[in-house]
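Residue strings, one per chain:
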Amino acid sequence: MDSTFLTDRTAIAIGAGFYTTGLLYGAWSLLFRRRHSRIGGYALMALGWLVHTYGLFLRGQITNSCPVGNRFEILQFVAWSCTLLYLIVGPAFRTSLFGFFSAGMAVLLGVLSIAVPAWDSAARLRPFGADPWVAVHASIALFGYGVFALLALTSLMYLLQHRNLRRKRLDHAAPLLPSIVDLDQINLRLLAAGVALLTIAIAIAGSNWHGQPGVVAPAKLFATVTVWLCYAFALVQRLRQRCIAERFARIGLLLFLAPLLSLWVVIGPPHATPAATAPQPVPERTP
Amino acid sequence: MSCRPPQLLLLGVSHQTAPLEVRERLALTPAKHTALAAALRADPAVGEFCILATCNRLEVYAVASEPAAGPRLAESFCHIQAIEPAVLAPYAVERQGAAAVAHLFAVAAGLDSQMVGETEILGQVKETYAGACTAGHIGPVLNRVFQKTFQSAKLVRSETAIGAGQVSVATVAVALAERIFGELRRSRVLVIGAGDIAEKTAKALRNREAGAIAFANRTADRATELAREHSGSSLPFEQLGPALGGFDIVVSSTSAPEPLLTLPMVYGAMRARSSRPLFLIDLALPRDIAPAVAELPNVYLYNLDDLARLAEENIAHRRAEIARAHALLDTRATALWSKLALADSNADALRHRLPAREDCATPTAETEVPRPRC
């Protein structure tokens, strides 16, 4: 593969193209009531994810860091995490539109990040400075956000299935959605996994920057901890059976606004990290 | 014998063309079936044939070397049935060549069935074909036609929504249960009452490997009997309330004048169920389950009307696919018959095959006659 031709952004765009094809394929199957090949949909997502991974790898090589240094990279990383989780979890569902919904999420995040060039204008070398724990913290936290993105998707699927069952209208997409019980189980597991990842990310941050006031901006700290608190509270309520079924799915969907909004706060002004290397703009985006 | 390409002839009656009393009269007894087969074998122009007899249709497919074999086939049919040709004429379906192939394709795909899109007919066609093969009635033309028929039936099922959705109350209930619980292995089923539809629903749930089935009835003996029939257990009727929380699917069909499952009763059961949903199927008239129960979180309540409407909707969806399925099959039937007619335009092939079939023929009296199945 000619690496001068395949830049990081090109690879990411090609990956998004595969996701879009998966989305269109799912939409075509639904609209025209054609058989939806799970293998075909899965293959499109897997190909997209491989190319997407390569694009993020190129970006990481350029920035000498995990590619989560600006809004473009963050949205791409969340989309990448979400798709990876789908590729792991998706085959567990026998007949489902999980791939279609995951493709929709990946396309949404991908298009959003590519549509605003300004979000990628501040790509910097070593955005997290010399401390590798900052990149570890950021990538784990963002992977957790990817889990929450998938939780929002499965919650949406739950609500669609629930609505169909309650309204006693079985449209042709309904049998392709996983069962209520399966979705409820996967929602609980995703929530627990997301909270665990975010807990680890916050623990890494806390242990590294404890006693160094000013290292982390209060707004970022507040945003991250708020997201963690929201999801942790939802998890506790679910485990105590206080928040179940439809209400739990609604919360799973609505709570995703919290990590989305927090990203804007977290990626605000440039990082001030201990012993940080002076941020430098990326000269070009080819490896 | 002239050098004509072979003719595929179809003569038959079906539920589409004949009312039940006519179909009853024309039903083939084993003796009539044997006689009809013998008559077809005796006709020198008929090289291959297959008699498809089900509850809803009686059709004879024959490959003949001359067009005159068609009227002779009808005569033999009427003679064996002891009816005048004029009696058969208004109800008879007669097709030739590609049209006969297209008809067989449509029959096997379930397009011509009373319950559009059902799959049982494909099994019946396969069984009939296997029986005809064993009896030595099938030659290269019908063999090819039937093989393509089976392929086309599968194709239609995958390319159209002709088999989509469930079309009976019992199967709709099972499909809904699967959409709530996924696999039913871990689901516990309670059947209240002993109504026919409730029993069918219980059977359908059991067929989908539902975990455990319990029966509750005012008459304890009847509950025990049902439990024995369906490999389940019986539940004393008075323990209905306290035990309700332990079940995932409840099918109720009693003649009680008032609801058996009230809002407080189901609310209490839900409190004991943690996050697992409850699927209530009310098949009784008047209703056994208070309608207000449907408002409880995590409860899905369906009554007889709901299930019947969903079954009707699915049937309507299937009917909407008929034209598309026919278009698909007609194209394939025409293509197949063109190939067969071309391949057999050299009639020598047919001429040589006919004696060969006769050589290996077994007496029809010794051949097991397929009995019509519903």
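The structure under discussion appears in the preceding block.
Attention in this report is confined to the structure presented alongside it. (Residues numbered from 1 in each chain as written. Chains lettered and ligands numbered in written order. Predicted model: local features only at pLDDT ≥ 70, side-chain atom pairs only at ≥ 80, totals over all residues. Heavy atoms only, no water.)

### Description of the overall build of chain B
Moving on, step 1. From N to C terminus, chain B includes 14 helices and 10 strands.
Moving on, step 2. Counting only residues that meet the buried cut, chain B has 52% of its 374 residues in that class.
Moving on, step 3. Within chain B, residue pairs in contact and separated by at least 24 positions form 74% of the contacts whose partners lie at least 6 positions apart.
Moving on, step 4. When the accessible surface of chain B is split by element, carbon and sulfur atoms take 54% of a total near 16,400 Å². (Helix = DSSP H or I, 4+ residues; strand = E, 2+ residues; numbered from the N terminus. Buried < 20%, exposed > 50% of the residue type's maximum accessible area, 1.4 Å probe, protein only. Contact = heavy atoms within 4.5 Å. Areas by Shrake-Rupley, 256 points an atom, 1.4 Å probe, with all protein chains shown as cover.)

### Examining the packing of helix α3 (residues 71–89) of chain A against helix α5 (residues 132–167) of chain A
Residues and elements named next belong to chain A.
Moving on, step 1. Contact pair α3 / α5: the axes reach a minimum separation of 8 Å and the direction vectors enclose 60°. Of the possible angle classes, the one that applies to α3 and α5 is oblique. In this structure, the crossing between α3 and α5 has a hand that is right-handed. For the pair α3 and α5, the contacting residues are Ile 74, Phe 77, Val 78, Trp 80, Ser 81, Cys 82, Leu 84, Leu 85 and Tyr 86 in the first and Ser 139, Leu 142, Phe 143, Tyr 145, Gly 146, Val 147, Ala 149, Leu 150 and Leu 153 in the second.
Moving on, step 2. When the residues that make up the contact of α3 with α5 are grouped by side-chain class, the tally is 15 nonpolar, three polar and no charged. (Axes fitted to C-alpha atoms, helices over the stretch in contact; angles between N-to-C directions. Parallel < 35°, antiparallel > 145°, perpendicular 65-115°, else oblique. Left-handed = near helix turned anticlockwise from the far one by under 90°. Nonpolar A, V, L, I, M, F, W, Y, C, P; charged D, E, K, R; others polar.)

### Some points on the environment of Val 68 of chain A
All names here are of chain A.
Moving on, step 1. Examined against the element boundaries, Val 68 turns out to sit in the loop between α2 (38–63) and α3.
Moving on, step 2. The buried category is assigned to Val 68, whose relative accessible area is 1%.
Moving on, step 3. Note: C-alpha distance between Val 68 and Val 78 (10 residues apart in sequence) is 9.3 Å.

### Some remarks on the sheet that holds strand β9 (residues 278–282) of chain B
Residue and element names in this part refer to chain B.
Moving on, step 1. Reading across from one edge, β7-β6-β5-β8-β9-β10 is the order of the six strands in this open sheet, with parallel pairing throughout. Strand pairing shows two members of the sheet lacking a second neighbour, β7 (233–236) and β10 (299–303), which therefore form its edges. On average, each strand axis in the sheet is tilted by 20° relative to the strand beside it, whichever way the strands run.
Moving on, step 2. Note: strand β6 (residues 212–217) against β7, four bridges, orientation parallel. Counterpart to Ala 214 in the pairing with β7 is Ser 233. (Pairing = 2+ DSSP bridges.)

### Describing the packing of helix α8 (residues 169–181) of chain B against helix α13 (residues 304–343) of chain B
Residue and element names in this part refer to chain B.
Moving on, step 1. Two elements in contact, α8 and α13, have axes whose closest approach is 9 Å; the angle formed by their N-to-C orientations is 95°. The orientation of α8 relative to α13 falls into the category roughly perpendicular. Side by side, α8 and α13 meet where Val 169, Val 172, Ala 173 and Leu 176 of the first sit next to Leu 304, Leu 307, Ala 308, Leu 310, Ala 311 and Asn 314 of the second.
Moving on, step 2. Here the residues of the contact of α8 with α13 sort into nine nonpolar, one polar and no charged.

### Side note on the nonpolar core
Moving on, step 1. Core analysis: the biggest nonpolar cluster contains 105 residues, and Leu 191 and Tyr 231 of chain A together with Leu 205, Ile 249, Phe 279 and Leu 307 of chain B have the highest contact counts within it.
Moving on, step 2. With 17 residues, α5 of chain A is the single largest residue contributor to this core.
Moving on, step 3. Dropping the residues within four chain positions of it, Phe 279 of chain B is found in contact with Ala 173, Leu 176, Ala 177, Ile 180, Phe 181, Asp 248, Ile 249, Val 250, Tyr 300 and Tyr 302 of chain B.
Moving on, step 4. Val 116, Leu 142, Ile 162 and Leu 329 of chain B belong to the second largest nonpolar core, which has 39 residues in total. (Core = buried A, V, L, I, M, F, W, Y, C linked by side-chain atoms within 4.5 Å.)

### Some details on the pattern of salt bridges
Moving on, step 1. A full pass over the atoms with the stated rule returns 18 salt bridges over all chains.
Moving on, step 2. Taking the shortest distance from any N to any O, the salt bridge between Arg 59 of chain A and Glu 73 of chain A comes out at 2.5 Å. Taken together, the residues span a long stretch of sequence, with Arg 59 of chain A in helix α2 and Glu 73 of chain A in helix α3 at a distance of 14 residues. Comparing Arg 59 of chain A with Glu 73 of chain A, the two get one shared label, buried.
Moving on, step 3. A salt bridge links Arg 72 of chain B to Glu 66 of chain B, with the shortest nitrogen-to-oxygen separation between them at 3.2 Å.
Moving on, step 4. Looking at Arg 72 of chain B, the relative accessible area reads 29%, which means it is partly exposed.
Moving on, step 5. The exposure class assigned to Glu 66 of chain B is partly exposed, which follows from its relative accessible area of 29%.
Moving on, step 6. A single salt-bridge network, built from bridges that share partners, covers Asp 8, Arg 59 and Glu 73 of chain A. (Salt bridge = Lys/Arg side-chain N within 4 Å of Asp/Glu carboxyl O.)

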